Each structure stands twice: as C-alpha cells, then as structure tokens.
Amino acid sequence: MKLESHLRERREAGRSLLVPYVTGGLGAAWLDVVRAVVDAGADAVEIGIPFSDPVMDGRTIQEASQRALDIGATPAKVVAEAAQLEVEVPLVVMTYYNPVLRAGHERFAASLADAGFDGAIVPDLPLDELDGWGGAAEDAGIETVLLAAPSTPPERLRAICDRSRGFVYGVALMGVTGARERLAAEAVEMGRRCKAATDRPVLVGVGISTPEQAVGAAAAADGVIVGSALIARLLRGGGPEDAHAFVAELRAALDA
Amino acid sequence: MTSPSRGAVSLAPPGPEPTGLGRFGEFGGRFVPEPLAPALADLEREFRVAWASPDFRGEFAGLLASYAGRPTPVTECERLSERLGVRVLLKREDLTHTGSHKINNVLGQGLLTRRMGKTRVIAETGAGQHGVATATAAALFGLECLVFMGAVDVERQALNVWRMRLLGAEVVTVESGSATLKDAINEALRDWVATVESTHYCIGSVVGPAPYPWMVREFQRVVGDEARPQCRDLLGADPDFVVACVGGGSNAIGTFTAFLDSPSRLIGVEAGGLGLESGRHGASVARGVPGVLHGARSLFLQDEDGQILEAHSVSAGLDYPGVGPEHAALAATGRAEYPSATDAEALAGFQLLAATEGIVPALEPAHAIGWLEREAGRAVPTGSTVLVTLSGRGDKDAAYVAEQLTGEPIA
Ligand SMILES: Cc1ncc(COP(=O)(O)O)c(C=O)c1O
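What you see is a predicted model, and the numbers here were worked out from it, not measured in a lab.

Undergrad: Talk me through the interface of chain A and chain B; I want residue IDs and the actual numbers.
TA: Each side of the interface is counted separately: chain A has 35 residues, and chain B has 33 residues. Where chain A abuts chain B, roughly 2700 Å² becomes buried across the two surfaces, and 55% of that area is made up of carbon and sulfur atoms. It is Val 55, Arg 102 and Glu 129 of chain A that lose the most area in chain A upon contact with chain B, and together they represent 23% of the buried surface on that side. Inspection of the chain A/chain B interface yields three salt bridges. The residue Glu 129 of chain A makes a salt bridge to Arg 23 of chain B at a minimum N-O spacing of 2.6 Å. At the junction of chain A and chain B, the tally comes to 16 residue pairs in polar contact (both at pLDDT 80 or more). Elements with a minimum of two residues in the side of chain A that touches chain B: α3 (59-70), α5 (97-103), β5 (143-148) and α8 (154-163) of chain A. Of the residues assigned to the side of chain A that touches chain B, the class counts are 21 nonpolar, seven polar and seven charged.

Undergrad: Run through the site of the ligand, naming residues and quoting values.
TA: Residues and elements named next belong to chain B. Neighbouring the ligand are 19 residues, the closest being Ser 205, Gly 247, Gly 249, Ser 250 and Ser 391. For the ligand, an oxygen atom lies 2.7 Å from a polar atom in the backbone of Gly 247. Contact with the protein chains removes 98% of the 380 Å² of surface that the ligand exposes when unbound. The pocket occupied by the ligand, as judged from atoms lying within 2 Å of grid points, is the largest cavity. Split by residue class, the shell around the ligand holds five nonpolar, 12 polar and two charged.

Undergrad: Can you break down empty space enclosed by the protein residue by residue, with the values?
TA: Within the structure shown, the criterion is met by eight cavities of 30 Å³ or more. In this model, the largest cavity occupies a volume close to 330 Å³. Surrounding the largest cavity, 30 residues form its lining, His 101, Lys 102, Leu 181, Gly 204 and Gly 317 of chain B being those nearest its centre. Listing elements by their share of the lining of the largest cavity, those giving two or more residues are β5 (120-125), α5 (129-141), α8 (181-195) and α11 (250-256) of chain B. Its residues assigned to classes, the lining of the largest cavity comprises nine nonpolar, 17 polar and four charged. Residues lining the lining of the largest cavity come from more than one domain, with at least three contributed by each of domain 1 (23-67 + 101-217) and domain 2 (74-99 + 221-406) of chain B. Volume-wise, the second largest cavity comes out at about 240 Å³. Every residue lining the second largest cavity is counted, 22 residues in all, and those nearest its centre are Ile 61, Tyr 169, Thr 177, Val 206 and Ile 225 of chain A. Among the elements of the structure, β8 (223-226) and α11 (228-235) of chain A are those that each provide at least two residues to the lining of the second largest cavity. Residues of the lining of the second largest cavity, tallied by class, amount to 14 nonpolar, six polar and two charged.

Cut-off values and rules
Residues numbered from 1 in each chain as written. Chains lettered and ligands numbered in written order. Predicted model: local features only at pLDDT ≥ 70, side-chain atom pairs only at ≥ 80, totals over all residues. Heavy atoms only, no water. Contact = heavy atoms within 4.5 Å. Buried area = accessible area lost by both parts, 1.4 Å probe. Salt bridge = Lys/Arg side-chain N within 4 Å of Asp/Glu carboxyl O. Polar contact = N/O pair within 3.5 Å; in protein donor to acceptor, adjacent residues only side chain to side chain. Helix = DSSP H or I, 4+ residues; strand = E, 2+ residues; numbered from the N terminus. Nonpolar A, V, L, I, M, F, W, Y, C, P; charged D, E, K, R; others polar. Near = heavy atom within 4 Å. Areas by Shrake-Rupley, 256 points an atom, 1.4 Å probe, with all protein chains shown as cover. 1 Å grid on protein atoms, 1.4 Å probe; cavity = no way out; pocket = protein on both sides within 12 Å on 5 of 7 lines; lining within 4 Å. Sits in = over half its atoms within 2 Å of the grid points. Points joined across faces, edges and corners; volume = space filled by probe spheres on them. Domains from an automatic or database assignment.

Here it is as structure tokens:
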C-alpha cells in the first residue's frame, strides 16, 4: 500500500498531486530524467515500458516507444535500470498487457517488486479481465491502478474505484494520450465523478499538457498525470534540465 | 458446372455463443482500454438482440440475396481436378458484389450500425477488400466512412484505394509500425476511442475484442451454411477436406462453422511468406504464441519480450501477425489444422487456377489453391474430395502479380 498511502499522505497535507510519465529506455539519460522530475516536485512517477502496439497512445508516446525500442529497450532492461533509481517517491510501471503476459504474471509482478516499483498501470487490461494479473500483483505487493473513463457508467465506475489500487486514473477525455490545445470539457466532470465514488486518490490524465490545464483538471480531483507534453520535450532533444524546468512549472502552478 | 441450389438466402439458426466474456476455450475476451469497454458491452447486447430478431435476420438475408448476389454457387473444377488427381469444388465468394466474402460481414454490421443510430463507420483494411466492402455498405446505408490502411498496402493495392474513394470513403494512410494491417487496426482503435459515441468500428475479420469474433463469424457463416448442402448435391456426401485461407480467419471460420459436426478435415491455410524458417511469414497458428493484441487473447507472432513481430506475405490480406481466437481454439483441440503456403506457392496457385479453370483468384485464396497443388497426392490422397473457399477474385492483384512475375510494372 505504499503508493496509495504515500499519495493519501500528501493529499492530506493539502498538496495537489503531480505524476509525470517518462518512457523507460528513451535515451541514455532517462534515469536522470526521472530523478529530475522527482526533484522538481513529482509525487510519483509513471515509467513506461515501451510496447510495439500502444493503442491507447497518440503520436508522441508512440514515437517515444518506437525510439526506445529501436535503441534496445526491453521490459527486463527498463525494470533492471529503474532498480538503480533510489528516489523518494513511488514508481508506477505503465505498460500494455502482452509483455506482462509473455513474462508471466507472477514473474513480472515479482520483478517489479524486486526493482522497487509500487504500482502498475496496464491500460488494455480493464476491470473485466483483471483476474490473472490482479491476483499476482496483489500477492507481490504491486498496486494495480485502474482507468475510469467519461464513458464509464455509474455502477461500473463504483466497481472500478473499488477494485483499483494506489489511485484511480480518471481519463480526462475520450481519446488517446497526446497534448491538446484546450483542457477537455469532460476532465473536470471526470474528476468530480470519481471523487464522488471513492475516497482513494483520484488523478486525472490524458491531454493535460500545460500548467493552466493542470490547474483546471486538478480543480475537482486530487491531482494530474502529465505525459505527452513532457515526452515531446525529450523527443525534441531536451534532457533532464528541460524535464526539471517543465515539471517545476507544473508544480508551481498547482501549488499557487 | 454449378450446383442447382439457387434462390433466396435462408439463414441457419444462430450458432452457439462463446462462453464467459467472449471466450473460445482459453482464447478471446475483451482486452480494451476502459473508454471502449462500455461500448463493446452495448454492441454485444445490440447484436444478441438483433441476431435473434426475425426482422433483422430477414433484412440481412434479403440484402445478401438482392444486393450481394447470394447464394454463391459451388463450382466443380474438372480440369483442375484432372490435373491434381483430387476432386476440387470451389465455393465462389469471388462472385459476390465487391468481389469477396467481406461483403457478408459489412452488410450485417451496416444494418447493426443503422439500428444503433450511429452515423459513421470506420474500418481497417489490408488487401483493401474489407475497405471497399465497408465503403460500399456505407454508401448503401448513407453512413460517413473512414478507412485506415497501411502505407505498404496503399501501394500494393492501389486499385482498391481508388475504389474506396469513388465510393465516398476517406482513406487514411497509416505510416506507423510495419505500415500494414496490424498498424491500420491500431489506428482505427485510436480513432474509435475518441469517436465511439457516433461511430461504429466495422472490424473486417474474426479478430478484436468480444463481441467481434462471434459476431463476424455469425455474419460469415452463410458461406459454409450454403456450401454444405451444395457439396451434398454434387458429391452425395461431405467433402473429405474443407480448405480456406486464413488471415484473421473470417472466410475460414465462415466456411468451417457449418462443417464442425461433419467428418470433413478442416484446413486453414496460413501465409508461409518466404518460408517458416525465414521468419518472414504470417503463420500465426503455426509459429505464434498465446498473447493479447487488438483486444483478444489469441496466437500472435511475437518476440520473447512480448513485442509483436511484423508479418510478411505477398498478399496484403494475410499480412497479419495474429489470428482470430476461435481458430486458436480449433487448433488447440485439433479440430482444424493450419498448414501454410509460401508466397511462391500462392503465385503458382494464382496462375494454375486461371489457366485450368478461367478463374483468377485473389492472392489470399491463391494460398489455399497453392497448398492443394503441393499436397494433392500427399497429405490429400489421390481421389479425395476437396471444397476450397475462393474468398475473392484477383482483379485487385493482377497488376501486382504481373510485377512479381515479370519484375516490371505492366503499365
Ligand atoms: C479475398 C480475401 N480473402 C481472405 C482475406 C483474409 O481475411 P480472412 O482471413 O478474415 O478471411 C482477405 C482479406 O483482406 C481477402 O481480401
């Protein structure tokens, strides 16, 4: 329960939560990028294990995943490298179900726990299909975060909030990851609906790319997840300093 | 010579539903991001009700007859039979409107789209046949239509790209990944996550999350449901072998379903590409391992880390690194067998059928012909009776095959 208890603690301290996403294996400095975003005020970090067919991801994260794969990233390498991190906040792996299944539920869960991960997000493993992985993760002490979406009906939303561990990931819009011009109209409503259904921390993500959008989305939730906007900076050649500067900006806006 | 049974289409009663959440044995399921999960549950509910409704079934059967040109005949191939020493019958899906079995499925899904009150359809396509069929149904039902197609396929199936545009569809070229069918499905799923409220995703094969493998199979069963009595008329018995090519597996499952309780051996021919040892093929049953892609647990070509591999086939419609979950289950129980035919064998089959019967097959079913040519007198003993589903006609492939065979473009 390290992920959830950590987020609860910070929430109780009155803080708006910020969880950046970093693609594992994206360049030699990726571990330093993770350290930099933690230093800049991240409350947890989502670490992506790149997959060949990321259907929940838009162009930016697709490109990051492909680049990481092209330079040799594998699930085992990303997990092993992440083990060197020793950061003060929980780490949450984000990957698709096939690599998990290929490794084997128990083996994958154990490797995450050994490397110091606290949680996992597997976007193509919805509530209805959670059984095999869910049990193995729980046994290994890995908290599996479930997604709720604007299309999720009320009863199902309650079941998702109940079964989710760590936090509830409210998808801010109907769509895949990627920066958007404006904060989606559904973002605030999503946060509000999740908050009404659970006492667990609720983070809203997808399409949140600027400090203003982060503040807007966090209004009805406990915090936000920011992925593509950060990754776009790295793809453009940015390094740990750029990542630090961007996350610090988000942090400052959320704290203001 | 064709079979005598022509006339109206009468549908067989609905077939058995998969168990649990879309399971065929250990395969199938609904592995999708949460935004899509409620829509798939709705779709399953709608389909179940529609498929039990005499009105819906009547309308579907009516369109299959008056629009698609069903029933299609079974043709006895005298010269080919003589050549191979086995008695070959062809189920002629090439004679349907739009030129392949894909029309059966899109008429069903088109009717369902209208019934659900949706106004837009999206589809993926490999060979372009499903894209053309979807664009056709969209024109027929007055729906907006967007078709995703890998850049590699846009090139090798240029005629079909033009046909889709003529039919009023927008064709989106997909450059990501291997730029073939798998990536077109990824892109269609990404579109659907954002548009699911107004849009139906018209999947072209027995792949994808539940209810697609079940629903598409039900819409395609008419192939085998017609063929079995047609074979009886001609042979006085079920054929010894029932053969179809397998991309995602819709023409094969559509054929096999009626024969599951027969003594016929069921053969799904996969794309052997440059040979299974080359690693460049589309033989997902023979060489795939259990995994999850595009919403279903099935057999996929993948590396030891679970990254999906690129398939290879001379035919765009078989260039897919997976197979429908029901085929994975049929392979597991041994009820169906899944050998492969190489690119070269398919090209040979393409020419053989043209020269002996005056029928130019699509490159996909040319794999079934190529397999039969190779195995006649071997795995298929001399004197056997064989039904082959000719899933489509070869017009779309003529220019491409000419280039493959002569080394230069014909125009
Ligand atoms: C003529 C034809 N046959 C077969 C296929 C393969 O699909 P399936 O295995 O679903 O029948 C295609 C796909 O494009 C096709 O166009």
